[in-house]
Amino acid sequence: SPGDIHAEVVVLGAGPGGYTAAFRAADLGKKVVLIERYPTLGGVCLNVGCIPSKALLHVAKVITDAEEAQAQGIVFGKPQVDINKLNTWKESVTGKLTKGLRALAKQRKIAIIHGTGKLATPHLIHVETSEGAKTVPFDNCIIAAGSSVTRIPGFPYDDPRLMDSTSALELNDVPQRMLVIGGGIIGLEMATVYDALGSKISVVEWMDQLIPGADADLVKPLYRRIKKRYEAIYLKTKVTRIETGKAGLTVTFEGDNAPKPQIYDRILMAVGRRPNGRAIGAEEIGIQINERGFIPVDRQMRTNLPHIFAIGDIASEPMLAHKATYEGKLAAEIIAGHKAGFDARTIPSVAYTDPEIAWMGLTEREAIQQGIDYEKTRFPWAASGRAISMARDEGLTQLLLDKKTRRILGAGITGVNAGELIAETVLALEMGADMQDISLTIHPHPTLSETALFAAEIAEGTITDLF
Ligand code: FAD
């Protein structure tokens, strides 16, 4: 019909995966149509994920740093939180970025259609927009439709006091007593925010450790700190019932450490995310979807229909923005005829809690499971001059290395700014660095980055300076 746009590349979803793919494809000379159901670009990450959570975590850090400065002889009054102003600022952060994306898309002459897209045939996508239905015939499609919050069935989701990460980020008020269900990265990041703002936090986690993806020794410094700050942490425990009432939400627990039923003002449900694979008409046109809703792809991000690609949260775990952007770029390059494939050795993970926990490459648990002949070297931040001078010496930096080749296999860092520090070890892994490479690299002193140098020097037996 008139007004239909033929796309050389149509991208479904404008999150980090989708906008990156669209930009790269346009830069490589392709005529690109980008379909997004929300009014802004940026997907979960920019609008209701990575970025707003980090804006609030920044504020949380300012508050707790001010509290803790008492020990260094600096006393501030109790912080007064102006929720409206805080929200306005948070929205200005995401606003800057989403507007920036729109400008970048315009520069590249990418056609953006706002509406809900659905694959109709292997070469046609239907879009429901506010101005009616549109169709986009295409040569290649990149599915980047992301993921949504998982809901355990049977809980009273129509009660606004039962929040998910999106409503928790809206920050309508500061509850007195809050329960976080799920001790993973998202749950604990939001717990960090609400704790700093003054809520009494409890966390319940079904596994025997918080942040189950990370090695247990990395999580310990975080556990020790929040155990003191929070009201309770229940491990190996689950919530079986939530009842709504005037006084609050009454929660029934079950498991090894279950308390008797408790009443909370708010609950944050953060038990994971599921891919949007079933909501875009993919199966109907013959694209395979696995039992968990992911769209399986090969090393070139191709689905079983070779001209249709899938990237980001909808394609596989880990559901992380930097994995989505890497894959988005790759898919665009493959479509443009580049000979390329997914060959990153690792996708780093970061929990932006306080302290932060970051890890990459092989975890120790995986090394043991896979029977790998590894060695572990670690440097406790209690011996780092910089960490001590920041009054935050609870962290640690540890490296796993191959016993024979001495090459780095993995790394884990817990402490302030661990998320920044892990990047050096990612580069080391990508370049096949061994312990000598790291130990002979001059690191600036005094920095937290030195802790990787010291860990390597310990492995090499060449350490002379502890502070
Ligand atoms: P998404 O960002 O989910 O984007 C998909 C887009 O597709 C959405 O905009 C959606 O509206 C659109 N869409 C879906 N279906 C359709 C349709 N049928 N038609 C049109 N449009 C459609 N990751 C990190 O790496 N670091 C972090 O610090 C971090 N923090 C997070 C904090 C929170 C609270 C949450 C929830 C997530 C966080 N993540 C973080 C995860 C990160 O947000 C995701 O991994 C990332 O957004 C995935 O990108 P994507 O492009 O695959 O999909």
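Worth saying up front: this structure is predicted, and the values here are computed from it rather than measured.

With that out of the way, let us pick up the overall build of the protein. When its secondary structure is counted, the protein shows 13 helices and 22 strands. Computed over C-alpha atoms, the radius of gyration of the protein comes to 24 Å, within 12% of the 23 Å expected from 2.2 N^0.38 for 467 residues, which places it in the range of a compact globule. Across its three principal directions, the C-alpha atoms of the protein cover 70 × 65 × 40 Å. In the protein, which comprises 467 residues, the share counted as buried stands at 44%. Nonlocal contacts in the protein, meaning residues at least 24 apart in sequence, comprise 64% of its contacts between residues at least 6 apart.

Attention now moves to the packing of helix H3 (residues 50-68) against helix H4 (residues 83-107). Remark: H3 packs on H4, axes separated minimally by 9 Å, with the N-to-C direction vectors making an angle of 140°. Overall, the two elements H3 and H4 adopt an arrangement that is oblique. With respect to the hand of their crossing, H3 and H4 are arranged in right-handed fashion. Contacts between H3 and H4 pair Ile-51, Pro-52, Ala-55, Leu-56 and Val-59 from the former with Leu-86, Lys-90, Val-93, Thr-94 and Leu-97 from the latter. Here the contact of H3 with H4 is built from residues that sort into eight nonpolar, one polar and one charged.

So, on to the sheet that holds strand S12 (residues 237-245). Strand order in the open sheet formed by three strands is S12-S13-S14, with antiparallel pairing between adjacent strands. In this open sheet, the two strands that pair with only one neighbour each are S12 and strand S14 (262-264). Neighbour-to-neighbour, the strand axes of this sheet turn through a mean angle of 35°, independent of strand direction.

Let's shift gears to the site of the ligand. As a matter of local geometry, the ligand sits amid 36 residues, with Gly-13, Gly-15, Gly-43, Gly-146 and Gly-312 nearest to it. Contributions of two or more residues to the shell around the ligand are made by helix H1 (16-27), strand S2 (32-36), helix H2 (43-48), H3, strand S4 (116-121) and helix H8 (321-335). Residue composition of the shell around the ligand, grouped by class: 18 nonpolar, 15 polar and three charged.

Our next topic: the UniProt feature "binding site: NAD(+)" (unreviewed entry) in the protein. Per the UniProt entry, the sites bearing "binding site: NAD(+)" (unreviewed entry) are Gly-117, Gly-182, Gly-183, Gly-184, Ile-185, Ile-186, Gly-187, Leu-188, Glu-189, Glu-205 and Gly-272 in this numbering. Maximum C-alpha separation among the annotated residues is 36.2 Å over a sequence range of 156 residues, too wide for a single clustered spot. One can find Glu-205 in the loop between strand S10 (200-204) and helix H7 (216-229). Residue classification places Glu-205 among the buried residues on the basis of 25 C-beta atoms within 10 Å. Mapped onto the elements, Gly-272 comes out in the loop between strand S15 (266-269) and strand S16 (273-275).

Another aspect to go through is the nonpolar core. Among the nonpolar cores identified, the biggest contains 129 residues, and Val-10, Val-11, Ala-22 and Ile-143 are the most heavily contacted of them. Here this core gets eight residues from one element, more than from any other, and that element is helix H6 (residues 185-197). Apart from residues no more than four positions distant in its own chain, Ile-143 is found in contact with Leu-12, Ile-280, Ala-282, Ile-295, Ile-308, Phe-309, Ala-310 and Ile-314.

What follows is about H8. Between its first and last C-alpha, H8 extends 21 Å over 15 residues, near the 21 Å set by a 1.5 Å rise per residue. Across the 15 residues that make up H8, a large majority, twelve, are buried. Those residues of H8 not exposed but buried are Ala-321, Lys-323, Ala-324, Thr-325, Glu-327, Gly-328, Lys-329, Leu-330, Ala-331, Ala-332, Glu-333 and Ile-335. On its buried side, H8 packs onto strand S1 (7-12), H1, H2, H3, strand S6 (132-143) and strand S17 (308-310). Taken from the residues just after H8, Gly-337 is the one with a positive phi, measuring 95°.

It is worth spelling out the environment of Asn-304 at this point. Note that Asn-304 resides in the loop between S16 and S17. Residue class for Asn-304 comes out partly exposed when judged on the 13 C-beta atoms lying within 10 Å of it. Placed 206 residues apart in sequence, Asn-304 and Thr-98 show a C-alpha to C-alpha distance of 33 Å. Beyond its immediate sequence surroundings of up to four residues, Asn-304 is in contact with Ile-287 and Gln-288.

Taking the numbering used here, the UniProt-annotated feature "active site" (unreviewed entry) corresponds to His-445. Structurally, the position occupied by His-445 is in the loop between helix H12 (435-439) and helix H13 (450-460). Take His-445: there are 12 C-beta atoms within 10 Å of it, and that puts it in the exposed class.

In this section: the sheet that holds strand S20 (residues 374-380). Strands sit in the order S18-S19-S22-S21-S20 across an open sheet of five strands; the sheet is antiparallel. Each edge of the open sheet carries a strand with a single partner, namely strand S18 (349-351) and S20. Within the sheet, the average angular offset between the axes of one strand and its neighbour, ignoring direction, is 10°. The strands touched by helix H11 (residues 418-430) are S18, strand S19 (356-361), strand S21 (396-402) and strand S22 (408-415); relative to S19, the strand with the most contacts, the crossing angle is about 10°.

Conventions and cut-offs
- Residues numbered from 1 in each chain as written.
- Predicted model: local features only at pLDDT ≥ 70, side-chain atom pairs only at ≥ 80, totals over all residues.
- Helix = DSSP H or I, 4+ residues; strand = E, 2+ residues; numbered from the N terminus.
- Rg over C-alpha atoms; globule rule 2.2 N^0.38 Å.
- Buried ≥ 20, exposed ≤ 12 C-beta atoms within 10 Å, placed from the backbone.
- Contact = placed C-beta atoms within 7 Å.
- Axes fitted to C-alpha atoms, helices over the stretch in contact; angles between N-to-C directions.
- Parallel < 35°, antiparallel > 145°, perpendicular 65-115°, else oblique.
- Left-handed = near helix turned anticlockwise from the far one by under 90°.
- Nonpolar A, V, L, I, M, F, W, Y, C, P; charged D, E, K, R; others polar.
- Pairing = 2+ DSSP bridges.
- Near = placed C-beta within 6 Å.
- UniProt positions renumbered as here; feature names shortened; annotations may be inferred.
- Core = buried A, V, L, I, M, F, W, Y, C linked by C-beta atoms within 7 Å.
- Expected span 1.5 Å × (residues − 1).

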